[in-house]
Amino acid sequence: MALVPFPSPHSGALPLPPDDDDDVPAEGKMSFLEHLDELRKRIVHSAIAIALCVVAGFYWINQIVNFILAPTRQALPTGVKLIYTQPGEAFSLYVQIALIMGVVLAAPYIMYQVWMFIAPGLYSNEKRLAIPFVVFTTLGFLLGAAFNHYIAFPFMMVFFASFNTPDLAFMPKLDDVFGLYSKMLLGMGVVFQMPTVVFFLAKMKMVTARFLLKHFKYAFLIIFVAAAVITPTGDMMTQAIFAAPMIALYMLSIVIAWIVGPKRLRAGDDEVG
């Protein structure tokens, strides 16, 4: 085996100490059990926050129920009311709404706990995205919930109520209406995370505006397939209600990727795509 001579102190070729790279994860060597313990801690903290917010939700439960059911009541024909046929159905609705309000109110804290769980495996420059992550995910969910409550769900209920005739009465059950509302609320909350996801992917140089624009035709097809999967009903109207905002959000995501992406990639780098 050949011996490599050690460089002379006067030769100017002494090996340099490794640089302190700010992009090295500071806590990236956690064991599997430490990861499980960290996950348990974040889940417990989130559960406590949800429980506290559920108590707050029960305090304003009547106002919240009236707010949620308002779009359906406005769509009902004159003289028609929501009905419930099971003894505990109305009480169960109140409990479910309180739980959902607890999750919604605790959403910023929950998103923060999610970030704290994944942050140890990220680079230092990526950890600075914690505040934008919490803000954008929360804002995206709230915008999705608002779109569902004021546009999508009322439009769909008006469509369903339009089949009411003198021989065919539209008398929706309380549990069925709320089940549809909550599924659409969750679906829209997820759909409106698209700009946030693209924002972080563009920040990490994983996608570019050029890449998104180039594959728009494939995204268009995937959007309608995804809308068919996540829609709570099987009709084309509900699928279109889900697909329309997804297309608009995809176009917005292209703009976001162009704004936050590196200038070199904006100029037309073909490395991606």
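Structure first, text after, so check above.
A quick note: this is a predicted structure, and the numbers were derived from the prediction, not measured.

Asks: Could you give an account of the packing of aromatic side chains, with specific residues and numbers?
Replies: Taken as a whole and assessed by the stated rule, the structure comprises 11 aromatic pairs. On the numbers, 5.1 Å between centres and 90 degrees between planes, the contact of Phe-153 with Tyr-181 is edge-to-face. Note that Phe-153 is positioned in helix α6 (residues 130–161) and Tyr-181 in helix α7 (residues 174–191), a separation of 28 residues in sequence. What makes Tyr-181 buried here is its relative accessible area of 6%. Summarising the aromatic geometry, the rings of Phe-216 and Phe-220 are spaced 6.3 Å apart at their centres and angled 45 degrees between planes, so their arrangement reads as tilted. With Phe-216 and Phe-220 both in helix α10 (residues 216–230) and 4 residues apart, this pair spans about one turn of that helix. The class for Phe-220 is partly exposed, based on a relative accessible area of 37%. Through pairs of rings, three or more aromatic residues link up here, namely Phe-216, Phe-220, Phe-224 and Tyr-250.

Asks: Requested: an account of the pattern of salt bridges, with residues and values cited.
Replies: What the rule picks out here adds up to 3 salt bridges. Residue Glu-38 pairs with Lys-41 through a salt bridge whose shortest N-O separation is 3.5 Å. Here Glu-38 and its partner Lys-41 are both found in helix α1 (residues 32–59), 3 residues apart, which amounts to about one turn of the helix. Between Glu-38 and Arg-42 there is a salt bridge whose closest N-O contact spans 2.7 Å. Here Glu-38 and its partner Arg-42 are both found in helix α1, 4 residues apart, which amounts to about one turn of the helix. The same class applies to Glu-38 as to Arg-42, namely buried. Among the ionic contacts, a cluster of salt bridges with common partners joins Glu-38, Lys-41 and Arg-42.

Asks: Requested: an account of the packing of α1 against helix α3 (residues 89–105), with residues and values cited.
Replies: Here α1 crosses α3 at 125 degrees, and the two axes come no closer than 7 Å. Taken together, the axis directions place α1 and α3 in an arrangement best described as oblique. As α1 packs across α3, the resulting crossing turns out to be right-handed. Of the residues in α3, those in contact with Ile-50, Cys-53, Val-54 and Phe-58 of α1 are Tyr-94, Val-95, Ala-98, Leu-99, Gly-102, Val-103 and Leu-105.

Asks: Give me the lowdown on α6, citing residues and values where you can.
Replies: For α6, spanning 32 residues, the distance from its first C-alpha to its last is 44 Å, which sits close to the expected 46 Å at 1.5 Å a residue. The sharpest bend along α6 reaches about 45 degrees and sits at Asn-148.

Asks: With reference to specific residues and values, describe the environment of Pro-71.
Replies: Residue position: Pro-71 is located in helix α2 (residues 61–75). Judged by relative accessible area, which is 6%, Pro-71 ranks as buried. With 86 residues separating them along the chain, Pro-71 and Met-157 place their C-alpha atoms 7.7 Å apart. With residues near it in sequence (within four places) discarded, Pro-71 still touches His-149, Phe-153 and Pro-154.

Asks: An account of a nonpolar patch on the surface is requested, with residue identities and associated values reported.
Replies: On the surface, a nonpolar cluster with roughly 530 Å² of combined accessible area is contributed by Phe-32, Leu-33, Leu-36, Leu-39 and Ile-43. Mapped onto the elements of the fold, Phe-32 is located in helix α1. Given a relative accessible area of 62%, Phe-32 falls into the exposed group.

Cut-offs applied
Residues numbered from 1 in each chain as written. Predicted model: local features only at pLDDT ≥ 70, side-chain atom pairs only at ≥ 80, totals over all residues. Heavy atoms only, no water. Phe/Tyr/Trp six-rings, centres within 6.5 Å; stacked < 30°, edge-to-face > 60°. Helix = DSSP H or I, 4+ residues; strand = E, 2+ residues; numbered from the N terminus. Buried < 20%, exposed > 50% of the residue type's maximum accessible area, 1.4 Å probe, protein only. Salt bridge = Lys/Arg side-chain N within 4 Å of Asp/Glu carboxyl O. Axes fitted to C-alpha atoms, helices over the stretch in contact; angles between N-to-C directions. Parallel < 35°, antiparallel > 145°, perpendicular 65-115°, else oblique. Left-handed = near helix turned anticlockwise from the far one by under 90°. Contact = heavy atoms within 4.5 Å. Expected span 1.5 Å × (residues − 1). Bend = angle between axes of the 7 residues up to and from the residue. Patch = residues over 30% accessible without salt bridge, like charges linked within 9 Å, V, L, I, M, F, W, Y side chains within 5 Å. Areas by Shrake-Rupley, 256 points an atom, 1.4 Å probe, with all protein chains shown as cover.

Limitation: the analysis is restricted to geometry and does not speak to function.
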